[in-house]
Amino acid sequence: MSWSRIFSRPPHESGSTGSSRVFIYLGLAAFSLLLAYQLVLNHDTVGAIAPWRSGLLAGTPTDDKKHATDGWAGSAMNGTLQEAVEQAGSSSITDSVPFPTPAPESESESESESVPAPAPEPVISSSPPSSSLKPNPNPKPKPKPEIGSIPITKELVVAAMSYSNMSWVEDNVPDWKSNIYRADMPPGEAQFTVPENRGNEAMVYLTYLIDRYDSLPDVIVLVHGGRYQWHNDNPLYDSVVSIKDLQLHYVQKAGYVNLRCTWAIGCPAELEPARYFRERPDDRDHPTAMEFPDQFQILFPGEELPEVIGVPCCSQFAVSKEAVRRRSKGDYIRMQRWLLESPLDAATSGRILEYAWHIMFGQVPQLCLDARECYCNTYGYCDLDDDSLANQWVWRGMVLPPSWPNPEPEPVSEPVPEPGPESGPEQPEIGSESEPKPEEPVQPPEVEDVSQNGNADHYQ
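Residues numbered from 1 in each chain as written. Predicted model: local features only at pLDDT ≥ 70, side-chain atom pairs only at ≥ 80, totals over all residues. Heavy atoms only, no water.

Undergrad: How would you summarise the overall build of the protein if you had to cite specific residues and measurements?
TA: Scanning the protein from terminus to terminus reveals 17 helices and 7 strands. In the protein, buried positions account for 43% of the 460 residues. Of the contacts formed within the protein by residues at least 6 apart in sequence, a portion of 73% connects residues at least 24 apart. For the protein, the computed accessible surface area is about 25,100 Å², with 54% contributed by carbon and sulfur atoms. (Helix = DSSP H or I, 4+ residues; strand = E, 2+ residues; numbered from the N terminus. Buried < 20%, exposed > 50% of the residue type's maximum accessible area, 1.4 Å probe, protein only. Contact = heavy atoms within 4.5 Å. Areas by Shrake-Rupley, 256 points an atom, 1.4 Å probe, with all protein chains shown as cover.)

Here you go:
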């Protein structure tokens, strides 16, 4: 098609029609040039604003080109964003992000543009004006929760008998969830009981660990059923004092905490398993020492037989759920099966576990801590002088005076038995026939003693 033909006027067309067509083509050409010029200006504006619009800081390099154009619409970019910022009156944005200013346009050019679509309003910071949007080089760390701000779940596991008066638990430590096992009652006749009454408190403890393995609290305290017991480590021999003063955060940190700090009975050395395994001495006065090496290897297969075991007696301790779960549930089931099938009497099997609980929960075999430090960490008694330390626990025999703690008990001259196989015979098994008893035994109601199927199982 030739231009002469386009602009030539046929004879039958009027002069006004041809002139109109020329102006239309010229207008289209001018509009195209203006649109192209406007697109170039908009491209520069988007390059300057895109990092702010997409949430990136000014001056921060990025390889994500997608954020440069998300949410912006063609020719509406330049004028609408500039107007929004001016209306907000924020110097914190305009001072830190450069806005290119387009060249002034003629009135005819601005009229030829289409009406721009509204762009999203920018978020205007309420912070004081700044010369940069760079991040704070020294951000303040989030505050950590203070010790004690997060509640610690805790439960008591109590080894008791059918006739045990356990009202002292609810009356004195109601903030503890209690699991009172009646060891001499058959399954179904008590809220908590055991498959068979064997191994003294050991069967109760293992049964709880198995039943609650998947729903353990943060801290578990495992104790005997009597409130006042000769081995409770405080001047009143009171279980309530031991439970209330126990430092739960220390239990969580240590994993296993014996409720006794005094070294009397159990420390510094109660058993010598490796030597007894090598020499096989005929130590019938010390049946626990004789049986321990072989039974340890059944209970802890593949673990090294300790040379020396030392830990305060008497199977009352606190343990964290993390320490319990360092072993599998199957390990505790196997230990319970060993207790059920063992030909050993209850006193011996219970004593074997008495000197193995701390090993079971990841402690070293010889766990005899400095008494002063132990009282501070375990109970918060950090200001004991020498006299207070010496009187924190006093040997009064394995049976407390009648009606303890009232009236005031009379002094007892009975010496403290020397612990350990090297320093004398084994301590009498608790509940066994060899246990020393007064001529006229009188026990308070809290002291539990019962024989079942020939096993002298008690939790005193």
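Undergrad: Any details on the nonpolar core? Residues and values, ideally.
TA: The biggest cluster of nonpolar side chains holds 85 residues, and the ones touching the most others in it are Val-221, Trp-230, Val-324, Tyr-332, Leu-353, Trp-357 and Phe-361. The dominant element in this core, judged by the number of residues it contributes, is helix H7 (residues 201–211), at 8 residues. (Core = buried A, V, L, I, M, F, W, Y, C linked by side-chain atoms within 4.5 Å.)

Undergrad: Residues and numbers for the side chain of Thr-348, please.
TA: Tracing the backbone shows Thr-348 in helix H14 (residues 346–354). Setting aside chain neighbours within four positions, we find Thr-348 in contact with Pro-287, Thr-288 and Glu-291.

Undergrad: Can you break down the state of the cysteines residue by residue, with the values?
TA: On inspection of all chains with the given rule, the structure shows 4 disulfides. Put simply, Cys-261 and Cys-374 are joined by a disulfide, and their sulfur atoms are 2.1 Å apart. Handedness of the Cys-261-Cys-374 disulfide follows from its S-S torsion of about -70 degrees: it is left-handed. Taken together, the residues span a long stretch of sequence, with Cys-261 in the loop between strand E4 (256–258) and helix H10 (273–279) and Cys-374 in helix H16 (residues 371–379) at a distance of 113 residues. When its relative accessible area of 7% is taken as the criterion, Cys-374 is described as buried. (Disulfide = S-S within 2.5 Å.)

Undergrad: Before we move on, can you summarise H14 with the specific residues and values?
TA: Burial analysis of H14 places 9 of its 9 residues in the buried class, the great majority of the element. Among the residues of H14, the N-terminal cap falls to Asp-345, whose side-chain oxygen and the backbone nitrogen of Ala-347 are separated by 3.0 Å. (Polar contact = N/O pair within 3.5 Å; in protein donor to acceptor, adjacent residues only side chain to side chain.)

Undergrad: Lay out the side chain of Arg-260 with the relevant residues and their values.
TA: With respect to the secondary-structure elements, Arg-260 resides in the loop between E4 and H10. One buried charged residue, Arg-260, remains without a salt bridge, the closest side chain of opposite sign being Asp-233 at 5.5 Å. Within the local environment of Arg-260, its side chain forms a polar contact with the backbone oxygen of His-231, the two atoms lying 2.9 Å apart. A polar side-chain atom of Arg-260 sits 3.5 Å from the main-chain carbonyl oxygen of Cys-313. Once residues lying within four places of it in the same chain are set aside, the contact partners of Arg-260 are His-231, Asp-233, Pro-312, Cys-313, Cys-314, Cys-374 and Trp-393. (Lys, Arg positive; Asp, Glu negative; His and termini not counted. Salt bridge = Lys/Arg side-chain N within 4 Å of Asp/Glu carboxyl O.)

Undergrad: Provide a residue-level description of H16, including the pertinent values.
TA: Within H16, burial applies to Cys-374, Tyr-375, Thr-378 and Tyr-379. Axial view of H16: buried residues confined to an arc of 100 degrees, hence all on one face. Sitting at the head of H16, Asp-370 places a side-chain oxygen 3.3 Å from the backbone nitrogen of Arg-372. (Arc of directions from axis to C-beta.)

Undergrad: Which residues make up the packing of aromatic side chains, and what values do they have?
TA: In this structure the tally under the stated criterion is 15 aromatic pairs. Pairing Phe-296 with Phe-300 gives two aromatic rings, centres 4.8 Å apart and planes at 40 degrees, and the pair type is tilted. With a relative accessible area of 1%, Phe-296 lands in the buried category. On the accessibility criterion, Phe-300 (1% relative accessible area) is buried. Through pairs of rings, three or more aromatic residues link up here, namely Tyr-205, Tyr-256, Phe-317, Trp-357 and Phe-361. Sitting over the ring of Trp-393, Arg-260 keeps its end group 4.4 Å from the ring centre. (Phe/Tyr/Trp six-rings, centres within 6.5 Å; stacked < 30°, edge-to-face > 60°. Lys NZ or Arg CZ within 6 Å of the ring centre and 35° of its normal.)

Undergrad: Any chance you could break down the sheet that holds strand E3 (residues 219–224) for me, citing the residues and the numbers?
TA: By way of backbone hydrogen bonds, the strands of a sheet pair with one another, either parallel or antiparallel. Spatial ordering of the open sheet is given by E2-E1-E3-E5-E4, a layout of 5 strands whose pairing is mixed. The strands lining the two open edges of the sheet, one partner per strand, are strand E2 (177–182) and E4. Taken pair by pair, the neighbouring strands of this sheet meet at an average axis angle of 15 degrees, ignoring direction. Bridge count between strand E1 (residues 154–160) and E2: 6 bridges; the pairing is parallel. Residue Ala-160 lies in a different strand from E2, and its bridge partner there is Arg-182. Packing against the sheet, H7 makes contact with E1, E2, E3 and strand E5 (317–320), and its axis sits at approximately 145 degrees to E1. (Pairing = 2+ DSSP bridges. Axes fitted to C-alpha atoms, helices over the stretch in contact; angles between N-to-C directions.)

Undergrad: Can you tell me about unusual backbone geometry, naming the residues and giving the values?
TA: Note that the residue after Cys-267, namely Pro-268, is joined by a cis bond; omega there is 5 degrees. Within the element layout of this structure, Pro-268 appears in the loop between E4 and H10. Residue Cys-313 is joined to Cys-314 through a cis peptide bond whose omega torsion reads 20 degrees. Relative to the helices and strands, Cys-314 is located in the loop between helix H11 (287–299) and E5. One non-glycine residue, Arg-280, lies in the positive phi region at around 50 degrees. What makes Arg-280 partly exposed here is its relative accessible area of 42%.

Undergrad: Could you give an account of the pairing of E5, naming the residues involved and the relevant values?
TA: A two-sided burial pattern is seen for E5, the buried positions comprising Phe-317 and Val-319 on one face and Ala-318 and Ser-320 on the other. Bridge count for E3 against E5 is 4 bridges, and the pairing is antiparallel. When the bridges of E5 are listed, Leu-222 appears paired with Phe-317. Bridge analysis of E4 against E5 gives 3 bridges, and the strand direction is antiparallel. Each bridged residue has a counterpart across the sheet, and for Tyr-256 the counterpart in E5 is Val-319.

Undergrad: Mind laying out the packing of H7 against helix H13 (residues 329–341), listing which residues take part and the relevant values?
TA: In contact at an axis separation of 9 Å, H7 and H13 are set at 150 degrees when each is read in the N-to-C sense. Judged on the interaxial angle alone, H13 and H7 are roughly antiparallel. Relative to H13, the crossing made by H7 is left-handed. Where H7 approaches H13, its residues Ala-202, Met-203, Leu-206, Thr-207, Leu-209 and Ile-210 are matched on the opposing element by Lys-329, Tyr-332, Ile-333, Met-335, Gln-336, Leu-339 and Leu-340. Each residue belonging to the contact of H7 with H13 can be placed in one class, and the counts come to 10 nonpolar, 2 polar and 1 charged. (Parallel < 35°, antiparallel > 145°, perpendicular 65-115°, else oblique. Left-handed = near helix turned anticlockwise from the far one by under 90°. Nonpolar A, V, L, I, M, F, W, Y, C, P; charged D, E, K, R; others polar.)

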